Amino acid sequence: MKKFLGIDVGSVSTDIAIIDEKGNIIIGLYLRTAGDPIKAVKDGFFKIKSQFGSDLKIDGVGVTGSARFLIGAVVGADVIKNEITAHAVAGLHYNPKVQTIIEIGGQDSKIIIIRDGIVVDFAMNSVCAAGTGSFLDHQAQRLGIPIEEFGDVALRAQKPVRIAGRCTVFAESDMIHKQQLGHKREDILFGLCEALVRNYLSNVGRGKEILPPILFQGGVAANKGIKVAFERALGTEIIVPPYFSLMGAIGAGLLAQEANIRKSNFKGFDIVDQDITTRGFECKGCSNLCEITNIFIEGKLVARLGGRCGKWEDLEYNPSL
Amino acid sequence: MKITYPPFGDARIAIESFLRDFGHEVIPPPPSTNRTLSIGVKYAPEFACLPLKITLGNYIEAIEKGADTILMLGGIGPCRFGYYAEVQRRILKDLGYDIDWIVLDLSNGWINLFKSIEKVTNRSNIIKVMKVLRLAWEKVLAIDEIEKISRRARPFERYKGEVDNIIRETHKRLDQANNILKVRQILSEYRETMDEIIDKNSLKDLVKIGIVGEFYVVLDHFTNFEIAKRLGELGVLAENAFYIEDIVRIYLPLFRSKDIDERTRVALPYIRRSVGGEGQRTIAHTIEFAERGFDGVIHLSPFTCMPEIVADGVLEKVSKDYNIQVLTLSIDEQTGLAGITTRIEAFIDMLKTKKRRRIAV
């Protein structure tokens, strides 16, 4: 049975999935990126290696997420794709009839509109992080609730209060204000969920025809409060797939499978034991002043990223720096 | 007098040769970089539109190189652009720069306009003026043609950067060209080189995207994150709704052509009268691309640009009525390249899948 590796390196979490050719998950990992995507991927590979041994054969690798170019170069990706396409592919695999995908991650949120199995429209949050995972994380911390319990506490609400959700700064001060008026914690939390859903629907979802079946993907889908708030606002059922937080990685794996690769570029799980370093510099070749990143594995230059003109992609090119 | 000017896109080549031919010492602003933008952002009002900020940065960088005079357009409209010269003049004055301005202001009476024109033309006689204008205009047409052809060539590049290398060389020669014949010769040589790259049989299979929006953002490569180049490298045929020639024809009465109002007419059911800037034209151009069978439209708008905000609100309906996908990118100094890349890639993935499906059916 062929195996495909999908990696989704986002701002907050790094997700890794290995799937078989039918798209079934063999292993799925959810790790914190914590500002160091290379280390996060290495941690993930270490876990895979200790479970399956290092000679696990991979037939194709897909990478997505905001660090896709860097990680793609480090692991030797066959396919490097944007998150929107990856999420759409995974959603369609899970439910071929899906018409709407709501995806809320650490720092951005998206809506993908699908008709007859193809993406026909999408949108991403443009200016503000209100409603994304990092903000919920921060508020949970401030209220002293572990983020894992956020949803359950919120669902205990009996009289949700109205919170201004247009902007994270206003939302936070409004929550403090409501606390000081003596509202219950759960009422405030569910009020926050409703505010974020309102904000999502009027910004990201503006002008989009949201039809069922609707899938809710991304880390925030773990929050039952948000799910219920969406269901109430839209008046329809919201489906949270079992691997909601891994959908990006699964999509990347599926894209690698679709690409029909004869021989994968994958560098293997052994890169966990290797010394991977990056060094950046500013190219002064023209007025673009591109920030070039050199990627070294065991001191050997393996890839260069960031140049616009293409000359740095030739690894032999090495003027006196 | 050491004169400088607000650059946008490749128009600088024509503006520079125009000023040089009148015998001015020209200090061209250094090509825009993030430093230019940071300088502009630092001294401009926060809610000013992006072009004001970048050109302000351009002026200051040119002043650092010795410029003491700035040539600029001004007047009433077409949007806040009309006030740029005055706002920028005051900002530079407050910063302590002692700069002369030559503002070609069409609203300030014919005498003042004539005085400004005299300064620009260096009191040359009418024959000389016509000759210089003619050559600069020929260069504008050539610059546009170079850009248009490059859009068709980039998807077929044999190595990354090939087309840009050829353009860079051609621009250099164009800058030096001192008569019309020379300009035409350079252009025809360029055309031949590009013809070797373009695979004519595959052109029709490419995904086609039209670019509409505010003129500075659409035409200035630095400001729009070199969107045409990125699209070309992703194998897309990207066409602008307008090039430099069109902008000159829209905004300079001397060159104004009637076709412009004719072309805007299709927007009337959506926006009945001009809303300033390119607002109404953005709608017209989107419809035009839809009717020409394009797969999608990318709408470029500088953050806080009122006419484009109006257009953005209407585009949703146009997109439905004409069944064309529109991606609006709002650009300002906060815009991150990563966000733009993700959106463009996903947009193209979507259009490619749709196109494949349409062909299959």
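Residues numbered from 1 in each chain as written. Chains lettered and ligands numbered in written order. Predicted model: local features only at pLDDT ≥ 70, side-chain atom pairs only at ≥ 80, totals over all residues. Heavy atoms only, no water.

A.B. asks: Honestly, the packing of helix α3 (residues 83-94) of chain A against helix α9 (residues 247-258) of chain A in this entry has me stumped. Any pointers?
C.D. replies: Relative placement of two packed helices is described by the angle separating their axes and the distance separating the axes. All names here are of chain A. Two elements in contact, α3 and α9, have axes separated by 7 Å at closest approach and are oriented at 85 degrees. In terms of axis orientation, α3 runs roughly perpendicular to α9. Contacts from T85, A86, H87, V89, A90, G91, H93 and Y94 in α3 reach M247, G248, I250, G251, A252, L254, L255 and E258 in α9. In terms of residue class, the contact of α3 with α9 is made up of nine nonpolar, six polar and one charged. (Axes fitted to C-alpha atoms, helices over the stretch in contact; angles between N-to-C directions. Helix = DSSP H or I, 4+ residues; strand = E, 2+ residues; numbered from the N terminus. Parallel < 35°, antiparallel > 145°, perpendicular 65-115°, else oblique. Contact = heavy atoms within 4.5 Å. Nonpolar A, V, L, I, M, F, W, Y, C, P; charged D, E, K, R; others polar.)

A.B. asks: When you look at the domain arrangement of chain B in this model, what are you seeing that I'm missing?
C.D. replies: By a widespread convention, an interface's size corresponds to the accessible area lost as its parts come together. Residue and element names in this part refer to chain B. Under the domain assignment, chain B is made up of domain 1 (2-124), domain 2 (126-199) and domain 3 (206-360). Computed over C-alpha atoms, the centres of domain 2 and domain 3 are 24 Å apart. Roughly 1,500 Å² of surface becomes buried between domain 2 and domain 3 when both sides are summed, with 68% attributable to carbon and sulfur atoms. The tally of links from domain 2 across to domain 3 stands at one salt bridge. One salt bridge in this structure joins D164 and K229, with 3.5 Å as the shortest N-O distance. Connecting domain 2 to domain 3 are five residue pairs in polar contact (both at pLDDT 80 or more). Considering each element in turn, the side of domain 2 that touches domain 3 owes the most residues, ten residues, to helix α6 (residues 126-153). Its residues assigned to classes, the side of domain 2 that touches domain 3 comprises seven nonpolar, no polar and nine charged. (Domains from an automatic or database assignment. Buried area = accessible area lost by both parts, 1.4 Å probe. Salt bridge = Lys/Arg side-chain N within 4 Å of Asp/Glu carboxyl O. Polar contact = N/O pair within 3.5 Å; in protein donor to acceptor, adjacent residues only side chain to side chain.)

A.B. asks: Where do I start with the sheet that holds strand β7 (residues 296-302) of chain B in this structure?
C.D. replies: Residues and elements named next belong to chain B. Ordered in space as β6-β5-β7-β8, the four strands form an open sheet in which the pairing is parallel. Pairing within the sheet leaves two strands with one partner each, and these edge strands are β6 (236-240) and β8 (325-331). Averaged over neighbouring strand pairs, the angle between their axes works out to 25 degrees when direction is ignored. Sheet topology places strand β5 (residues 207-213) next to β7; five bridges connect them, and they run parallel. By the bridge assignment for β7, I211 is matched with I298. (Pairing = 2+ DSSP bridges.)

A.B. asks: I'm lost on the environment of I18 of chain A in this one. Help?
C.D. replies: All names here are of chain A. Tracing the backbone through its elements, the reader meets I18 in strand β2 (residues 13-20). By relative accessible area, which is 0% here, I18 ends up buried. Distance in space between the C-alpha atoms of I18 and V61 is 9.2 Å, their sequence separation being 43 residues. When sequence neighbours within four positions are dropped, the list of residues in contact with I18 reads K3, F4, L5, N24, I25, I26, I27, I48, L56, I58 and F269. (Buried < 20%, exposed > 50% of the residue type's maximum accessible area, 1.4 Å probe, protein only.)

A.B. asks: Whenever I open this one, the pattern of salt bridges confuses me. Can you help?
C.D. replies: If charged atoms from side chains of opposite charge come close, those side chains can pair. This model, assessed by the stated rule, comprises 44 salt bridges over all chains. Among the salt bridges present, the one from R206 of chain A reaches E316 of chain B, with a minimum N-O distance of 3.9 Å. Separated into two different chains, R206 of chain A in the loop between α7 (185-203) and β9 (214-217) and E316 of chain B in helix α14 (residues 306-321) make up a pair that spans both. Each of R154, D164, K229 and E233 of chain B takes part in salt bridges that share partners, so that together they form one network.

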